[in-house]
Every structure is written in C-alpha cells, then in structure tokens.
Amino acid sequence: MKKILALVVSLIMALSCIAALAETVGVSMPTKDLQRWNQDGANMQAMLEEAGYTVDLQYAANDVQTQLSQVENMISAGCDVLVIAAIEGSSLGEALAMAKENDIPVIAYDRLLMNSDAVSYYATFDNYMVGTVQGNYIVEALDLDNAEGPFNLEITTGDPGDNNANYFYSGAMDVLTPYIEAGKLVVVSGQVEFADVATPTWGTDVAQNRAENILSSNYADGTNIDVWLCSNDSTALGVANALAANYTGTYPVITGQDCDIANVKNMIAGKQSMSIFKDTRTLAAQVVKMVGQIIAGEEVEINDTETYNNGVITVPSYLCAPVFADVNNYEELLVESGYYTADQLQ
Ligand code: BGC
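**Some details on the packing of aromatic side chains**
As enumerated under the stated definition, the model contains seven aromatic pairs in all. With a centroid separation of 5.4 Å and 80 degrees between ring planes, the pair formed by Tyr169 and Phe194 is classed as edge-to-face. Pair noted here: Tyr169 is in helix H6 (residues 163-181) and Phe194 is in helix H7 (residues 194-197), with a separation of 25 residues, a long-range link. For Tyr169, a relative accessible area of 12% translates into the label buried. By relative accessible area, which is 14% here, Phe194 ends up buried. Taken together, the aromatic side chains of Tyr122, Tyr167 and Tyr308 make up a single cluster linked through ring pairs. Taking NZ or CZ as reference, Arg36 lies 4.2 Å from the ring centre of Trp37, over its face.

**A look at helix H3 (residues 64-76)**
Quick reminder: α-helices carry 3.6 residues per turn. Residues three or four places apart thus point the same way. Between its terminal C-alpha atoms H3 stretches 18 Å, which fits the 18 Å expected from 13 residues at 1.5 Å a residue. Summarising the contacts, the buried residues of H3 are in contact with strand S1 (24-29), strand S2 (54-59), strand S3 (81-84) and helix H4 (93-101). Looking one or two residues beyond H3, the residue adopting positive phi is Gly78, at roughly 90 degrees.

**Quick look at the layout of surface pockets**
By rolling a water-sized probe across the atoms, one finds the places where empty space is left. Taken as a whole, the largest pocket encloses approximately 200 Å³ of empty space. Residue lining of the largest pocket: 16 residues in total, with Asp33, Leu34, Trp202, Thr204 and Ser234 positioned closest to the centre. Elements supplying a minimum of two residues to the lining of the largest pocket: helix H8 (204-218), helix H9 (233-246) and helix H10 (261-268). Among the residues making up the lining of the largest pocket, the classes are represented as five nonpolar, seven polar and four charged.

**Considering the environment of Gln67**
Considering the arrangement of structural elements, one finds Gln67 in helix H3. For the pair formed by Gln67 and Ile87, sequence separation is 20 residues and the distance between their alpha carbons is 7.7 Å. With sequence-adjacent residues up to four places away left out, Gln67 is seen in contact with Ser28, Met29, Pro30, Ala60, Ile84, Ala85, Ala86, Ile87 and Leu92. Side-chain polar atoms of Gln67 contact the backbone oxygen of Ala85, separated by 2.9 Å.

**As for the site of the ligand**
Surveying the vicinity of the ligand reveals 13 residues, the closest of which are Arg36, Asp110, Arg111, Asp162 and Asp258. Arg111 places a polar side-chain atom, nitrogen or oxygen, 2.7 Å from an oxygen atom of the ligand. Between the ligand and Asp162 there is a distance of 2.6 Å, counted from an oxygen atom to a side-chain nitrogen or oxygen. With the chains in place, 99% of the 310 Å² that the ligand exposes on its own is no longer accessible. Listing elements by their share of the shell around the ligand, those giving two or more residues are helix H2 (35-50) and H6. Taken together, the residues that form the shell around the ligand break down as four nonpolar, three polar and six charged.

**Some points on unusual backbone geometry**
In this chain, Gly149 is followed by Pro150 through a cis amide linkage whose omega measures -5 degrees. Positive phi outside glycine occurs at Ala61, with the angle close to 50 degrees. Within the secondary structure, Ala61 is located in the loop between S2 and H3. Owing to a relative accessible area of 61%, Ala61 belongs among the exposed residues under this scheme. Even without being a glycine, Asn115 presents a positive backbone phi close to 55 degrees.

**Description of the pattern of salt bridges**
Tallied over the full model, the rule gives seven salt bridges. The partner of Arg111 in a salt bridge is Asp162, and the shortest N-O contact between them spans 3.0 Å. Of this pair, Arg111 sits in the loop between strand S4 (106-109) and strand S5 (121-125) while Asp162 is found in the loop between strand S6 (151-156) and H6, placing the two residues 51 residues apart along the sequence. In this structure, Asp279 and Arg281 form a salt bridge, with 2.8 Å as the shortest nitrogen-oxygen distance. For Arg281, a relative accessible area of 26% gives the class partly exposed. Through salt bridges with shared partners, a single ionic network connects Arg36, Asp40, Asp110 and Lys278.

Thresholds applied
- Residue positions are counted from 1 within each chain, in the order its sequence is given.
- Local features are withheld for residues below a pLDDT of 70 in this predicted model, meaning they are given only at 70 or higher, and side-chain atom pairs are given and counted only at 80 or more; totals for whole chains, interfaces and linings count all residues.
- Only hydrogens and water are removed before side-chain values are computed, so all heavy atoms of the structure are retained for them.
- Two rings belonging to Phe, Tyr or Trp (six-membered ring only in the last case) form a pair when the distance between their centres is within 6.5 Å. Interplanar angles under 30 degrees mark stacking, angles over 60 mark edge-to-face geometry, and anything in between is tilted.
- Every helix listed is a DSSP run of H or I at least four residues long, and every strand listed is a run of E at least two residues long, numbered separately from the N terminus.
- For every residue, the accessible area obtained with a 1.4 Å probe (protein chains only) is divided by the maximum for its type, and the residue is called buried under 20%, exposed over 50%, and partly exposed between those limits.
- As a reminder, the over-ring test applies to NZ of lysine and CZ of arginine, requiring each to be within 6 Å of the ring centre and within 35 degrees of the ring normal.
- The span you would expect from a helix comes to 1.5 Å times its residue count less one.
- Contact definition: two residues touch when any of their heavy atoms are within 4.5 Å.
- Note on definitions: the grid is 1 Å and covers protein atoms alone; a cavity is a set of points where a 1.4 Å probe fits but cannot get out; a pocket is an open set with protein on both sides within 12 Å along at least five of seven lines; lining residues have an atom within 4 Å of a point.
- Grid points are joined across faces, edges and corners, and a volume is the space filled by probe spheres set on the points.
- Residue classes follow a fixed rule: Ala, Val, Leu, Ile, Met, Phe, Trp, Tyr, Cys and Pro count as nonpolar, while Asp, Glu, Lys and Arg count as charged, and any other residue, Gly among them, counts as polar.
- Counting of polar contacts relies on pairs of N or O atoms within 3.5 Å, with two restrictions inside protein: one atom must be capable of donating a hydrogen and the other of accepting it, and residues adjacent in sequence are counted only when both atoms are side-chain atoms.
- Definition of nearness: a residue and a molecule or strand are near each other if at least one heavy atom of the residue lies within 4 Å of the molecule or strand.
- Accessibility throughout is a Shrake-Rupley quantity obtained with a 1.4 Å probe, and a residue counts as covered only by protein chains that appear here.
- A side-chain nitrogen of Lys or Arg and a carboxyl oxygen of Asp or Glu constitute a salt bridge if their distance falls within 4 Å.

Laid out in structure tokens, this is it:
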C-alpha cells in the first residue's frame, strides 16, 4: 500500500513538473454572448493543450476594463505568448506595452489590436473579402446589372470599436456604391455613412432597435424593402426579428456572417439569404501553428505584410479565406464537415 502511495505521489510530482515546464499561452476572448467566440476559445484551448501547452483562457464579458485586467494578470502570471481577440482594438495599449516590456509576443486574433507597436502578428479571415462577397451576393441576387429596379436597401454594420467592422463595410460598399450612385439601389432611410449604420457591441438587440425605427419611419406605409445588408449574423438576427414584428411586405434579401446556429436555421427557413462561413477550426489551427513557431524560434507563417496597419505599425498577418454559405451548401459545409451536427440545426 505504501509503495503504491509513493508511486502515486511521484507520478503527481512528475506531472506537475511537466505542467510547470510547459509554456503557457494566454488566450483573451471578448465575450461568451456570441456563439463564435465560444467556439474560437474552445477550439484554440483544445488544440493548444493537444500541442502540449498550458492554456489560460479568459472571456471578458464585452467589458473593456475586464479584458485589460485579465490580460495584465496573464502577463503577471508569466504567460509566454498572448493571443487576444479585442473587444475594442484601441483599448489594450497599457497591457500591450506591459507585454512588450516582458518580451511576450502578442498575436491579435481575428480583430486587429490598434495603435501599439507591441503586436507581433495578426491572424484573421480576409475581412475586406467578407464584405465584397456580401456585396457581390446582393448584385447577383437582385440581378442589379440587368434588372430595372430601383431596389430599396438598408444597411447594418458592426461595432465602431472593432477594426473589422470598417473592412466589412468598405468591402460591401465598394461593390454597392456604384449602384447607389446610379439610382438602382435606394437607401430609403438615407442612412449610409458608417457612423449611421454601425451597431455598437454588435448586439442583436441594438440592431433590432435601429431596424424597428427604420421600419416604422420609412416602411410603415407599405413600401417594400428589397435588401438589407447586414455585416454579420448577430446583427442579421436583430434585423430578422424586427422584420418579423414590424413588416408585412415582400421579404428582403438579408446577408450575414459567421454561420451561427440561429442564423443557419433562419437560412433554412428562408429568413436569411446567406452567411459567410469562417471555420473557427481553421483560424484556431493557424494560430496554434504560429504559437508553436514563435516558441520554437522558427519563422512564423504569414501571407500578408501590407494590409493591416494598426496606426503605428503594419502587422504581419495571416489571412484565412472566408467561404460563402447559403441554403444550398450549408449541409456540406457545416454538417458533413463536422462543424455542427444535423440535430443542432433542427
Ligand atoms: C468578427 C465577426 C463577428 C463580429 C461580432 C468581428 O470582429 O470578425 O466574425 O461576427 O466580430 O462578434
């Protein structure tokens, strides 16, 4: 009995020794409220642990101060690499400076960390391309090059504190603006500028409130809305909710991004036209690879050195390709690939 006990004790000691030796990766995520960040965090944690690292994964409840102190705590606790998806790209300056002082490399995850020279790498999906895919989808869905129109359009984009929101908006608007200028697309509310169409926090309720106001002020007289450009799924959900309660005209084309479960269900039910599939497994795997390369002192794989200037430096980036999703390909993309089970989409 004594021997077994001694064996167990030395096993535990050996294991804790290994754990102490393993590099720690601090992973800071913005919020658990949105499905995708839960998947991002879980995928990264699983892959990093499988690669032998210790993971300190924290969610900041969409509160900038919380994220700041979580990242500072990760640094104080001696993490070796930081992976951060910022709530607000510009608000982590102090923590980033602290990381730099402590020689801790920082990977900006999905959202660029702004106004700091302490950002080592950026891994994301091609954000501008997300917008152009949404814009081109609208051009094709309404056959804007041939149909007479005009078609009524409304626009909902994301959080002004998220650098990505600008890219999504610009990508889509670069495609759609010529049609607006030609009068083929008419924004009945007149709300076109980024500041007017933004959705602080990306909240579904925020998008829904604004959409309800737009509908009651501009469409209550029976005017049809043909298309609603939404930059992502949380905002598309808000718009769909507003339409369900306040609109009886022909159902518009609605765009989205993320393939959240509620939105895939809406696509199946004909309440959302498309989404963008950003396979979080791909991004997580890329980041795990980059972490490994950083720790091994190897060259870190990047594929873009020009696009993402954060106001201080141009951050070497790896851009994954976003994929178009709709009711015709979701089964192959999402179910057959094992991203969701068929049951989850019932
Ligand atoms: C991400 C999107 C997401 C949005 C809201 C963006 O930074 O790139 O995938 O829908 O944040 O969380």
